[in-house]
Amino acid sequence: MSENNIYKTTEGRKIYIEIDPDICIGAASCVGIDPKTFALNTENRAYVLDLDVSDYETILEAAKSCPTSAIILKDENGNQIWP
Ligand code: SF4
């Protein structure tokens, strides 16, 4: 199962946050940088919290911190922002 969420940042920017569970190794650096957006499930795979309380730069920084690039960010039109 892959995570695919439309997320509204604190600036009102809508982005898609996808996490590939086959690539996520549970390193938790995303959770360390943005615990308001990312969490680990019982299988040690990241998922997106549906809280809409983080700003865009923090989410991007968390995505960039992922050692396996498991976090994919897209704009509201589906254009890939990261990686
Ligand atoms: S940083 Fe990447 S590998 Fe680590 S938990 Fe987050 S998504 Fe998974």
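Scroll up to find the structure this text is about.
Values in this document were obtained by computation on a predicted structure and should not be read as measured data.

Enquirer: Can you lay out the overall build of the protein for me, pointing to particular residues and giving the numbers?
Expert: When helices and strands are tallied, the protein shows two helices and six strands. In the protein, the order of α-helices and β-strands from amino to carboxyl end is β-β-α-β-β-α-β-β. The globule rule puts the C-alpha radius of gyration for 83 residues at 12 Å, and the 11 Å found for the protein is close to it. For the C-alpha atoms alone, the extent of the protein along its principal axes is close to 30 × 20 × 20 Å. Classification of the 83 residues of the protein by burial places 23% in the buried group. A separation threshold of at least 6 residues defines the contact pool for the protein, and within that pool the share at least 24 residues apart is 50%.

Enquirer: Tell me about the site of the ligand, and please be specific about residues and values.
Expert: Around the ligand, 15 residues are found, and the nearest of them are Cys24, Ala27, Cys30, Ala46 and Cys66. Class assignment for the residues of the shell around the ligand results in eleven nonpolar, four polar and no charged.

Enquirer: Account for the pairing of strand E5 (residues 71-75), naming residues and giving values.
Expert: Pairing of strand E2 (residues 14-19) with E5, which is carried by five bridges, proceeds in the antiparallel orientation. Counterpart to tyrosine 16 in the pairing with E5 is lysine 74. Here E5 runs beside strand E6 (residues 80-82); their pairing, made up of two bridges, is antiparallel. Pairing of lysine 74 across the sheet is with glutamine 80, part of E6. Count of turn residues in the E5/E6 antiparallel hairpin: four residues, of which glycine 78 carries a positive phi of about 90°.

Enquirer: Lay out the nonpolar core in plain terms, naming residues and giving numbers.
Expert: If you look at the biggest cluster of nonpolar residues, it comprises 16 residues, and the most contacted ones within it are Ile17, Ile19, Cys30, Ala62, Ala63 and Ile71. Breaking this core down by element, the ones donating at least two residues are E2, strand E4 (46-48), helix H2 (56-65) and E5.

Enquirer: Mind laying out unusual backbone geometry, listing which residues take part and the relevant values?
Expert: Across the junction of tryptophan 82 and proline 83, the peptide omega takes the value 0°, indicating a cis bond. Topologically, proline 83 is positioned in the segment after E6. With a phi angle near 70°, alanine 28 is a residue other than glycine that sits in the positive phi range. Looking at alanine 28, the number of C-beta atoms within 10 Å reads 17, which means it is partly exposed. A positive phi angle is found at aspartate 52, which is not glycine, with a value near 55°. One can find aspartate 52 in the loop between E4 and H2. Residue classification places aspartate 52 among the partly exposed residues on the basis of 15 C-beta atoms within 10 Å.

What counts and what doesn't
- Residues numbered from 1 in each chain as written.
- Predicted model: local features only at pLDDT ≥ 70, side-chain atom pairs only at ≥ 80, totals over all residues.
- Helix = DSSP H or I, 4+ residues; strand = E, 2+ residues; numbered from the N terminus.
- Rg over C-alpha atoms; globule rule 2.2 N^0.38 Å.
- Buried ≥ 20, exposed ≤ 12 C-beta atoms within 10 Å, placed from the backbone.
- Contact = placed C-beta atoms within 7 Å.
- Near = placed C-beta within 6 Å.
- Nonpolar A, V, L, I, M, F, W, Y, C, P; charged D, E, K, R; others polar.
- Pairing = 2+ DSSP bridges.
- Core = buried A, V, L, I, M, F, W, Y, C linked by C-beta atoms within 7 Å.

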